[in-house]
Amino acid sequence: MPSSSLAAPLDVELRPDRPAMLRVEPPDDAARWAAEYRQALRAQVTEHGALLVRGLGLGDGDQAGAVFASLAGALVPEREAFAPREALGRGLYSSTPWPDNQPMCMHHELSYLLEVPGLLLFACLTEPEQGGATAVADAEQVLKALPAEVTERFERDGWLLARTYNDEIGASLAESFGTDDRAAIEDYCRAHAIEYTWHPDGSLHTEQRRGAVVRHPVTGRRCWFNQIAFLNEWTLAPEVREYLVDEYGEDGLPFNTRYGDGSPIGEDVVQVINATYEEHTRREPWRAGDLLLVDNIRTAHSREPFTGERRVLVGMAEPLRPADGGPAREASRR
């Protein structure tokens, strides 16, 4: 297949209900193919926000990692994870563990960091029997569709992520910060605008304020960029939320989001955000060997419930500090 054919718009299938898709014949060497067509593929991601490549035949972690490296160079390690992943080396991870029957609603990966991954890469090694799509939504269109009374306050005040680390739910201190040394964790928090409090039992509570609307570094377009709904208590299944509140209390949940001034976010606001995401969702069932490239600023992604075995590998690349990120107050020990 000549290089020029990949750059032609007609080679990419566009439908309003699914990500842009490129079908290819299985190459002899997927990593070499990815390197050859890197520029054309990345141009499609910039134009459409996400690109699904079908036909590469990615079959194992080594092959997926080589393709990721060809397309994005060095992958970045995950920090401040909210759930532990299986690390496969060289910045390659399993997808986030989450109950198979529960959806992971739309979000932007690690949007609560000061420096976020600009590009996400997914490889499907085993497709599920049913469901399990990694769906996407255009963050620029979501911002335009959300009610002004919702976006104006978040754009003014930003959003706050509150976390309480425990030994039972979510990532441990070592998994999130790369160490369990208290002094090193405090240094990290101060350097990354995270307020922290150590509880008498040795557990850690953190709060970080971030912007909810940012400008895309290439297009300059304003995007709804956050995890306000995904990490909020009202997105949890009712029985899960009830258990967590009973177990840890309203202020001790493993993670929760608030307005940037610390005020609680109402269930109705979370429902509006998730409903707007759903209106703009595009999905395509995984097929074994698929590659999905996602512009993490322009495009939110989710994971839908599934049955059967599902193995999807993830890489993150091209870290950047979003422009016009709003409030990220200096961290201080309280």
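Residues numbered from 1 in each chain as written. Predicted model: local features only at pLDDT ≥ 70, side-chain atom pairs only at ≥ 80, totals over all residues. Heavy atoms only, no water.

## Quick look at the overall build of the protein chain
- Looking only at helices and strands, the protein chain features ten helices and 20 strands.
- With respect to the principal axes defined by its C-alpha atoms, the protein chain has extents near 60 × 40 × 35 Å.
- For the protein chain, with 334 residues in total, the buried portion stands at 54%.
- Look at the contacts in the protein chain between residues 6 or more apart in sequence, and 81% of them connect residues 24 or more apart.
- Entry remark: accessible area of the protein chain is about 14,500 Å², with carbon and sulfur atoms responsible for 48%.
- Averaging the locations of the 34 positively and 54 negatively charged side chains of the protein chain gives two centres separated by 5 Å. (Helix = DSSP H or I, 4+ residues; strand = E, 2+ residues; numbered from the N terminus. Buried < 20%, exposed > 50% of the residue type's maximum accessible area, 1.4 Å probe, protein only. Contact = heavy atoms within 4.5 Å. Areas by Shrake-Rupley, 256 points an atom, 1.4 Å probe, with all protein chains shown as cover. Lys, Arg positive; Asp, Glu negative; His and termini not counted. Charge placed at Lys NZ, Arg CZ, Asp CG, Glu CD.)

## Here's the deal with the sheet that holds strand S18 (residues 299-303)
- Sheet architecture is open: four strands sit in the order S6-S18-S9-S16, paired in antiparallel fashion. Edge positions in the sheet fall to strand S6 (104-107) and strand S16 (281-282), since each has one partner strand and no second.
- Here S6 runs beside S18; their pairing, made up of two bridges, is antiparallel. Residue pairing for S18: His 107 is matched across the bridge by His 301. (Pairing = 2+ DSSP bridges.)

## Concerning the pairing of strand S20 (residues 311-320)
- Here S20 lies mainly inside the structure; seven of its ten residues are buried.
- Pairing between strand S5 (residues 92-94) and S20: three bridges, direction antiparallel. Looking at the pairing, Leu 92 lines up with Gly 315 of S20.
- Bridge analysis of strand S7 (residues 116-126) against S20 gives nine bridges, and the strand direction is antiparallel. Opposite Thr 126, over in S20, you have Arg 311 as the bridge partner.

## Quick word on the sheet that holds strand S1 (residues 12-15)
- On the basis of which strands lie adjacent, the open sheet formed by eight strands has the order S1-S2-S3-S17-S7-S20-S5-S4 and mixed pairing. Either end of the sheet is taken by a strand with one partner, and the two such strands are S1 and strand S4 (87-89). For this sheet, the mean inter-axis angle between neighbouring strands, taken without regard to orientation, is 25°.
- Sheet analysis places S7 next to strand S17 (residues 291-295), joined by five bridges and oriented antiparallel. In the sheet register, Leu 119 faces S17, and the bridge partner there is Asp 295. (Axes fitted to C-alpha atoms, helices over the stretch in contact; angles between N-to-C directions.)

## Thoughts on the confidence of the model for the protein chain
- For the protein chain, the mean per-residue pLDDT works out to 91, and 94% of the residues sit at or above 70.
- Contacts from residues 1-10, a stretch scored under 50 in pLDDT, to residues over four places away or in other chains number 14 contacts. (pLDDT = per-residue confidence, 0-100.)

## Quick notes on the nonpolar core
- Counting 52 residues, the largest nonpolar core has Phe 154, Trp 224 and Ile 273 as the members making the most contacts within it.
- Those residues in contact with Phe 154 that lie beyond four places of it in its chain are Trp 159, Ala 212, Trp 224, Ile 228, Tyr 259, Ile 265 and Val 269.
- By size, the runner-up hydrophobic cluster in this structure holds 30 residues, among which are Val 24, Tyr 37, Leu 75 and Leu 121. (Core = buried A, V, L, I, M, F, W, Y, C linked by side-chain atoms within 4.5 Å.)

## A word on helix H4 (residues 61-72)
- With twelve residues, H4 ought to run about 16 Å at 1.5 Å a step, and its terminal C-alpha atoms sit 16 Å apart, in line with that.
- Turning to H4, its buried residues number three or more, namely Ala 64, Gly 65, Val 67, Phe 68, Ser 70, Leu 71 and Ala 72.
- Where H4 is buried, its residues contact helix H2 (30-36), helix H3 (38-48), S5, S7, S17 and S20.
- Looking one or two places after H4, you find Gly 73, whose phi comes out positive at around 75°. (Expected span 1.5 Å × (residues − 1).)

## Concerning unusual backbone geometry
- Positive phi outside glycine occurs at Glu 80, with the angle close to 60°.
- Along the chain, the position of Glu 80 falls in the loop between H4 and S4.

## Observations concerning the packing of aromatic side chains
- Per the counting criterion, the structure on display carries nine aromatic pairs.
- Relative to Trp 98, the ring of Phe 82 has its centre 6.0 Å away and its plane inclined at 80°; by these criteria the two rings are edge-to-face. With Phe 82 in the loop between H4 and S4 and Trp 98 in the loop between S5 and S6, the pair connects residues that are 16 residues apart, well separated along the chain.
- Take Phe 82: its relative accessible area is 8%, and that puts it in the buried class.
- Ring centres of Phe 154 and Tyr 259 lie 4.7 Å apart, and the angle between their planes is 25°; on these two criteria the pair is classed as stacked. Of the two residues, Phe 154 sits in helix H6 (residues 148-157) while Tyr 259 sits in strand S15 (residues 255-259), which places them 105 residues apart along the sequence. Judged on exposure class, the residue Phe 154 and its partner Tyr 259 are both buried.
- Three or more aromatic residues joined by ring pairs make a cluster, and in this case those are Phe 82, Trp 98, Phe 230 and Phe 255.
- Here the guanidinium or amino end of Arg 153 rests over the ring plane of Tyr 259, the centre of that ring lying 3.7 Å away.
- Residue placement shows Arg 310 over the ring face of Phe 306; its charged tip is 5.7 Å from the ring centre. (Phe/Tyr/Trp six-rings, centres within 6.5 Å; stacked < 30°, edge-to-face > 60°. Lys NZ or Arg CZ within 6 Å of the ring centre and 35° of its normal.)

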